[in-house]
Amino acid sequence: MISNVDRGFPPAEFEARVERAQALMAEEKLDGLFLTSGDNIRYFSGSFGGSNTRPCFMLVPAVGAPIAIVPALREGSMRDTWITDIRSWPSPCPEDDGTTSVVAALTELPRRFGRVAAEFGLEMRIGLPILQLNEIVKRLSGVELVDGSALLWALRMIKSDAEVAKIQRATDIAGAVFVQVPNFVHIGDSESTIHHRFRVRLLEEGASEASLTCRAGQGGPSYIAEGARNRQISDGDLLFIDAGAAYGDYVCDYNRNYQVGKASDALLFAHERIWDANEVGLRAAVPGVTAGHVFEEMAKVLSSGHRGELNKNGRMGHGLGLQVEPPSIKVGDNTLLKPGMVLCIEPALEYEPGKLIIHEETVVITDDGARLLTPARPKQLQQIS
């Protein structure tokens, strides 16, 4: 049976987030945050954001309580949260889909600096049409919308114990399915069939949402950025499964590799190198170093010095929370690791042309190192026979 999932937190969790945001706003000389994306609205309220048809808005003032501006259809769910100032309009309303209400609320904000931060930058997306944003900007007087992505990520990258617990639960759900793979996957099954079976089991184990990547290839998949195919797995394949189960809106992200039939010596050697690189990355991820430093340490295990040969997707890991998030474990990312960050350590190696192997684990940074959230990982490849 599919489990009920607790999506929320007590009000104190959200109050603490607002307090942290307001402290950063004071430093950045901001009068508030203007939020439109589902993840950021969820982060401060616990309720879902809008859709392409019905946008939702939230203002977090530099002083005082947040204001939700939502379609009437969303008003009931927002009233189930800790938010008390809720304004609504009948939507969809193409001629004025919340624009007037948003402009009024922005204009009413206590004004010290005339600057309000919005989701304009790194790995952020606005949740309203560009034409509507332009109309809001045109109607504002004495209020400038500026990029607030650095502030928002500074907040969201540091997880509370309650957030880490939800990521741990999502990770445990995926782990319970990973150990079953040799029992429900067989030579001759297609990637699509394996994908379906794995996803159903994630939901049965209690995931609120279930997504995954399932790819195979002789000695390893050539790429992993596409969905599962009707291709049948066969002797000599490496099966790659990367799970993205969610629990209470917080996600896991890690993979496991499975040897299908007999593995080549080259694959076994590459797997040992990638496993060793992951171990080095886990040890390197400590408070005070940069995300780029973790990459460099893994690169020493995998590379003869030419970093371009390592990871064609541009990084060997990333942050994790409501979604995949900053920082990137890549050359040049100078984000300092801090306690409370959750990171996916993900070395990858194309050990022969068109043969890719990846090994990903998840940790939370602590005061004195990194604590593994993913379950025990055998060094030997698991086998499907």
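As recorded in an unreviewed UniProt entry, the protein chain goes by the name Xaa-Pro peptidase family protein, listed as coming from Sinorhizobium psoraleae.

The pairing of strand S3 (residues 67-71) with strand S4 (residues 85-89) spans five bridges and is parallel. Within S4, the residue paired with isoleucine 67 across the bridge is aspartate 85. As for the winding sense of the linkage, the β-α-β connection from S3 through helix H3 (residues 72-79) to S4 is right-handed.

Structurally, glutamine 132 can be placed in helix H5 (residues 130-139). Aside from chain neighbours lying at most four places away, what touches glutamine 132 is Pro55, Phe57, Asp97, Gly98 and Thr99.

Moving on, we come to the sheet that holds strand S17 (residues 361-366). Pairing is antiparallel across the open sheet formed by five strands, whose spatial order is S13-S12-S14-S17-S18. If you trace the sheet from one side to the other, it starts and ends with strand S13 (324-328) and strand S18 (369-372), each paired once. Taking the axes of each pair of neighbouring strands and ignoring which way they run, one obtains an average angle of 40° across the sheet. Relative to strand S14 (residues 342-345), strand S12 (residues 317-320) runs antiparallel, the two being bridged by three bridges. Across the sheet, glycine 319 pairs through a bridge with leucine 343, a residue of S14.

Following the criterion strictly, the structure yields nine aromatic pairs and no others. One aromatic cluster in this structure is built from Phe9, Phe14, Trp82 and Tyr250. Its end group placed over the ring of phenylalanine 9, arginine 17 keeps NZ or CZ at 4.9 Å from the ring centre.

Relative to the helices and strands, glutamate 205 is located in helix H9 (residues 191-205). Counting along the chain gives 28 residues from glutamate 205 to valine 177, while the straight-line C-alpha distance between them is 7.8 Å. Within the structure, glutamate 205 has its side chain in polar contact with the side chain of glutamine 180 (distance 3.4 Å).

Moving on: the sheet that holds strand S5 (residues 115-118). Taking strand neighbours across the sheet as the criterion, the six strands line up as S4-S3-S2-S1-S5-S6 in an open arrangement whose pairing is mixed. If you trace the sheet from one side to the other, it starts and ends with S4 and strand S6 (144-147), each paired once. Sheet twist, expressed as the average angle between the axes of neighbouring strands with direction ignored, equals 25°. Relative to S3, strand S2 (residues 57-61) is paired through three bridges, and the arrangement is antiparallel. For methionine 58, the partnering residue across the bridge sits in S3 and is alanine 68. Sheet strands touched by helix H2 (residues 38-45): strand S1 (32-35) and S2. Its angle to S2, the strand with the most contacts, is close to 50°. With respect to the sheet, H3 is in contact with S2, S3 and S4, its orientation differing from that of S3 by roughly 140°.

Relative to the assigned elements, leucine 238 resides in strand S8 (residues 237-243). For leucine 238 and lysine 355, which are 117 residues apart along the polypeptide, the C-alpha to C-alpha distance reads 9.1 Å.

A separate point is unusual backbone geometry. With omega at 5°, the peptide bond leading from serine 91 into proline 92 counts as cis. Structurally, proline 92 can be placed in the loop between S4 and helix H4 (99-108). Omega for the bond connecting proline 326 with proline 327 falls within 30 degrees of zero, at 0°, which places this linkage in the cis form. Inspection of the secondary structure puts proline 327 in strand S13. The phi angle at glutamate 123 is positive, at roughly 55°, despite the residue not being glycine. Within the secondary structure layout, glutamate 123 lies in the loop between S5 and H5.

The next thing to look at is the pattern of salt bridges. For the coordinates displayed, the defined rule picks out 19 salt bridges. Between aspartate 249 and arginine 42 there is a salt bridge, and its shortest N-O distance comes to 3.9 Å. Separated by 207 residues along the polypeptide, aspartate 249 in the loop between strand S9 (246-247) and strand S10 (250-251) and arginine 42 in helix H2 bring together distant segments of the chain. Neither aspartate 249 nor arginine 42 differs from the other in exposure class; each is buried. Among the ionic pairs, glutamate 279 bridges to arginine 377, the shortest N-O distance being 2.2 Å. With a gap of 98 residues between them, glutamate 279 in helix H10 (residues 265-284) and arginine 377 in the loop between S18 and strand S19 (382-384) connect regions that are remote in the sequence. Here arginine 377 falls in the buried class, since its relative accessible area comes to 17%.

The next thing to look at is the nonpolar core. Formed by 67 residues in total, the largest nonpolar core has its most connected members in Leu33, Phe44, Met58, Val294, Leu337 and Ile345. Ignoring sequence-local partners within four residues, the contact set of isoleucine 345 consists of Asn278, Gly281, Leu282, Ala285, Val294, Met298, Met316, Ile329, His359, Glu360, Glu361 and Val363. With 28 residues, the next largest nonpolar core counts Ala170, Ile194, Leu202 and Cys252 among its residues.

Examined against the element boundaries, leucine 24 turns out to sit in helix H1 (residues 11-28). Residues leucine 24 and valine 177 lie 153 residues apart in sequence; the distance between their C-alpha atoms is 41 Å. Beyond its immediate stretch of four places on either side in the chain, leucine 24 contacts Leu151, Ala154 and Leu155.

Calculation notes
Residues numbered from 1 in each chain as written. Predicted model: local features only at pLDDT ≥ 70, side-chain atom pairs only at ≥ 80, totals over all residues. Heavy atoms only, no water. Pairing = 2+ DSSP bridges. Helix = DSSP H or I, 4+ residues; strand = E, 2+ residues; numbered from the N terminus. Right-handed = clockwise from strand over helix to strand, strands pointing away. Contact = heavy atoms within 4.5 Å. Axes fitted to C-alpha atoms, helices over the stretch in contact; angles between N-to-C directions. Phe/Tyr/Trp six-rings, centres within 6.5 Å; stacked < 30°, edge-to-face > 60°. Lys NZ or Arg CZ within 6 Å of the ring centre and 35° of its normal. Polar contact = N/O pair within 3.5 Å; in protein donor to acceptor, adjacent residues only side chain to side chain. Salt bridge = Lys/Arg side-chain N within 4 Å of Asp/Glu carboxyl O. Buried < 20%, exposed > 50% of the residue type's maximum accessible area, 1.4 Å probe, protein only. Core = buried A, V, L, I, M, F, W, Y, C linked by side-chain atoms within 4.5 Å.

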